[in-house]
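# A look at the structure
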Amino acid sequence: QVQLVESGGGLVQAGGSLRLSCTASGRFNSINTMGWYRQAPGKLRELVATITNGDSTNYADSVKGRFTISRDNAKNTVYLQMNSLKPEDTAVYYCNARGVMTYWGKGTLVTVSS
């Protein structure tokens, strides 16, 4: 079992920055990819960014060049640095861990005002 706890969400003006953190605990030896997804009101959950154990990254086209995913293995933490935020980035952001099984955090709300 893997537990994921997100933090760092909040309210920010358009053009601003936020950094989300996701700390994993439990039996995560089987996890090979961690990532961030988001779900805006009335929309489906969508991929934002992923990072593998080999540090390969993947980004949604809508965030390329603005968001950066990284990890600190010593702290069992994955980060999402979000710059140049836009109102359309407003959503609940969920941490995800994938391996033999898939795990989700409870989410953290990011609100970008215009």
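Throughout this document, residue positions are counted from 1 along each chain, in the order its sequence is written. Local features are withheld for residues below a pLDDT of 70 in this predicted model, meaning they are given only at 70 or higher, and side-chain atom pairs are given and counted only at 80 or more; totals for whole chains, interfaces and linings count all residues. Computation of side-chain values covers all heavy atoms of the structure but excludes hydrogens and water.

### Regarding the overall build of the protein
Under the DSSP-based scheme used, a helix requires at least four consecutive residues in state H or I and a strand at least two consecutive residues in state E, with every element numbered from the N terminus. Assigned secondary structure in the protein consists of zero helices and eleven strands. Reading the secondary structure of the protein in the N-to-C direction produces β-β-β-β-β-β-β-β-β-β-β. Against the 2.2 N^0.38 benchmark of 13 Å for 114 residues, the protein shows a C-alpha radius of gyration of 13 Å, consistent with a compact globule. The C-alpha extent of the protein, read off along each of the three principal axes, is 40 × 25 × 20 Å. Looking at the protein as a whole, 41% of its 114 residues qualify as buried. What makes two residues a contact is simply this: any of their non-hydrogen atoms within 4.5 Å. The long-range share in the protein, meaning contacts at least 24 apart out of those at least 6 apart in sequence, stands at 53%. All radius of gyration figures rest on C-alpha atoms, and the globule criterion is 2.2 Å times the number of residues raised to 0.38. Only protein chains enter the accessibility calculation, which uses a 1.4 Å probe. A residue is then buried if its area is under 20% of the maximum for its type, exposed if over 50%, and partly exposed in between.

### As for unusual backbone geometry
Phi angles above zero are rare outside glycine, and Asn-76 is one such case at about 50°. Along the chain, the position of Asn-76 falls in the loop between β7 (67–72) and β8 (77–82). We classify Asn-76 as partly exposed; its relative accessible area is 29%. Its identity is not glycine, yet Ser-84 carries a phi of approximately 50°, on the positive side. As for its placement among the helices and strands, Ser-84 is situated in the loop between β8 and β9 (91–98).

### Section: the state of the cysteines
Two cysteine sulfur atoms form a disulfide, by the criterion used here, when they sit within 2.5 Å. This structure, assessed with the given rule, holds one disulfide. The residue that forms a disulfide with Cys-22 is Cys-95, at a sulfur-sulfur distance of 2.0 Å. The S-S bond linking Cys-22 to Cys-95 shows a torsion near -80°; that makes this disulfide left-handed. Residue Cys-22 is located in strand β3 (residues 18–26), and its partner Cys-95 is located in strand β9; the two are separated by 73 residues in the primary sequence. Here Cys-22 matches Cys-95 in class, with each residue buried.

### Concerning the environment of Thr-50
Inspection of the secondary structure puts Thr-50 in strand β5 (residues 46–52). The exposure class of Thr-50 is buried, given its relative accessible area of 10%. Distance from Thr-50 to Arg-38, taken between C-alpha atoms, is 12 Å for residues twelve residues apart in sequence.

### Things to note about the environment of Tyr-93
By the secondary structure assignment, Tyr-93 is in strand β9. With a relative accessible area of 0%, Tyr-93 lands in the buried category. Separated by 13 residues in the primary sequence, Tyr-93 and Lys-106 place their C-alpha atoms 8.7 Å from one another. A distance of 2.9 Å separates a polar atom in the side chain of Tyr-93 from a polar atom in the side chain of Arg-38. Any pair of nitrogen or oxygen atoms within 3.5 Å is treated as a polar contact; in protein, a donor-acceptor pairing is required on top of that, and neighbouring residues in sequence qualify only through side-chain atoms on both sides.

### Observations regarding the pattern of salt bridges
If charged atoms from side chains of opposite charge come close, those side chains can pair. Throughout this description, the term salt bridge denotes a Lys or Arg side-chain nitrogen within 4 Å of a carboxyl oxygen of Asp or Glu. Per the stated rule, a full pass over the model turns up four salt bridges. Between Arg-38 and Asp-89 there is a salt bridge, with its nearest N and O atoms 2.9 Å apart. Within this pair, whereas Arg-38 is found in strand β4 (residues 33–39), its partner Asp-89 is found in the loop between β8 and β9, the two being separated by 51 residues in sequence. Here the two residues Arg-38 and Asp-89 agree in accessibility, since each one is buried. Here Asp-61 makes a salt bridge to Lys-64, at a shortest N to O gap of 3.1 Å. Shared partners join several salt bridges into a network, and the residues in it are Arg-38, Glu-46, Arg-66 and Asp-89.

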